[in-house]
Structure formats: C-alpha cells, structure tokens
Amino acid sequence: MSRAATVTRTTSETDISVTLDLDTTTYEHPHTGHGFLDHMLDALARHARIGLTVRATGDLHIEPHHLIEDTGITLGQALSQALGDRRGIERYGSAFVPMDETLAHVVLDLSGRAHLAFEPETLNVWGDAGGMTHYHLREFLRGLCNHAGITMHVRLLAGREAHHVIEAIVKAVARALRDAVQVTSQTMPSTKGSL
C-alpha cells in the first residue's frame, strides 16, 4: 500500500503544493520563496527520513505568516492522506534535540485528534530567523496538527535565540514523527479499534 499523497492549496494569499511519501527518503529542496522556511522544511524531511517536495508562493511582501501557516496546513493534509486509516503505525513519537545552548523536546500522538501545546510562546525567545519567529513556527505546527490529526506537546528546556530554538524544535518534530509513522504491526494502535 502506498503511503504517499499530493495536496495543493490555493488561496488569495498563497499557492502551495506538497508531495509527501512516508516510505522513501527521496526529496527535493523546498522552494517557498522564504529561505529560512525552506531550511526548516529541508531539516524536517531529512530528520523524519521522508520524501517531501514543497513548492509554494505567498504574499511575502506583507509578512511571512500566511505562507508559513498555509504550508503547515497543506503538509498536514498530505500527511493525513498518506497515513490512510493509520493501521499498524507506531502512533507515538518523542524526541529531544539539542542545538548548542538550546534543548527542545517534542512528544506527539498520531491519534486523529488535533491539539498543540506550545510552551515556547510563554518564554522569552529573542529575535527572528530570516523573518521567521517562534510565533510563526507555532502557526505552522498548529496547521500541521489540525489537518493531520496530531496531538503534539512542544517544550523548550533551554534556549533563547530564535534561530536555534526554531531549528531544534523542527528537528525534534521530525525525529518524533519518524518514529510515530513507522509500521510495526497489522493492528489498529487503539483500544477503540479506530483512530
């Protein structure tokens, strides 16, 4: 069974196409028009060990919010389609990722229920990375969780500088996702019999 999907989302603010394959590591460098977002999508694909192609344009002349949020939404839709009924997946994933002075922890559940607990928004994170802040990352992850049906808890255990904070969190999301999407049985990973 193929665990791949292609989703296109077009609005008056953005035009985004995502192709996702959970069972290959072949991917293309993302092209969104926002250098740091491309860097984070590249890190996501590499550390999750998934096939990922992202082509996007957005109203960057206004601000990167729409592009970043809508990319998360589209990625979430593609992930949900690629997972299908989620039978046999490991379901849960957890990862700690250090980056110099920063330490991020992400725990996720591919439960079909969307929830994002994002601790960094309560902390004093400095600056931005190429115009992307931890608040933009929160909106990216919110879109991902809402449209892929993920419960995700993001904790920042150490760190203040936005570049390292964002990158460590994205890599932790990727590594937790890598574990959660693994097919490890033929059964539904739920006492309810469905997700």
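Details of the structure are given in the entry above.
Presented here is an overview of the structure given in this document. By convention here, each chain's residues receive numbers from 1 onward along its written sequence. It should be noted that, the model being predicted, local features are given only for residues of pLDDT at least 70 and side-chain atom pairs only at 80 or more, the latter also being counted only at that level, while totals for whole chains, interfaces and linings use all residues. To get the side-chain values, all heavy atoms of the structure are used, and hydrogens and water are removed first.

1. Regarding the side chain of Ser111
Then, in step 1: For helices the rule is a DSSP run of H or I covering at least 4 residues; for strands it is a run of E covering at least 2, with both sets numbered from the N terminus onward. Within the secondary structure, Ser111 sits in the loop between strand E5 (102–109) and strand E6 (115–118).
Then, in step 2: At 3.0 Å, the side chain of Ser111 and the backbone nitrogen of Arg113 are in polar contact.
Then, in step 3: Whether two residues are in contact is decided by their heavy atoms: any pair within 4.5 Å suffices. Discounting chain neighbours no more than four positions away, the residues touching Ser111 are Arg86, Arg91, Gly149, Thr151 and Leu195. Identification of polar contacts relies on pairs of N or O atoms within 3.5 Å, with a donor-acceptor requirement for protein atoms, meaning one able to donate a hydrogen and the other able to accept it, and with residues adjacent in sequence counted only if both atoms are side-chain atoms.

2. Regarding the pairing of strand E1 (residues 4–10)
Then, in step 1: Both E1 and strand E2 (residues 14–21) contribute to a ladder of seven bridges, which runs antiparallel. Paired with Ala5 across the bridge in E2 is Leu20. Each pair of strands is called paired provided DSSP finds at least two bridges between the two strands.

3. Re the pairing of E2
Then, in step 1: Relative accessibility decides the category of a residue: with a 1.4 Å probe and only protein chains considered, values under 20% of the type maximum give buried, values over 50% give exposed, and everything between is partly exposed. What you see with E2 is a clean split: Thr14, Ile16, Val18 and Leu20 sit on the buried side and Asp15, Ser17, Thr19 and Asp21 on the side with no burial.
Then, in step 2: Counting the residues between successive antiparallel strands, the hairpin from E1 to E2 contains three residues.
Then, in step 3: Relative to strand E3 (residues 51–58), E2 is paired through eight bridges, and the arrangement is antiparallel. Counterpart to Ile16 in the pairing with E3 is Ala56.

4. Describing the sheet that holds strand E4 (residues 92–99)
Then, in step 1: Spatial strand order, E4-E5-E7-E6: four strands in an open sheet with mixed pairing. Each edge of the open sheet carries a strand with a single partner, namely E4 and E6. Adjacent strand axes in the sheet meet at a mean angle of 10° when their direction is disregarded.
Then, in step 2: Examined bridge by bridge, E5 and strand E7 (residues 151–158) share seven bridges and lie antiparallel to one another. Within E7, the residue paired with Leu108 across the bridge is Met152.
Then, in step 3: Strands E6 and E7 of the sheet are contacted by helix H3 (residues 134–148), whose axis makes an angle of about 160° with E6.
Then, in step 4: The convention used is that axes are lines fitted to C-alpha atoms, helices contributing only their stretch in contact, and that angles between N-to-C directions extend from 0 to 180 degrees. The sheet contacts of helix H4 (residues 162–180) involve E4, E5, E6 and E7, and relative to E4 the element is tilted by about 150°.

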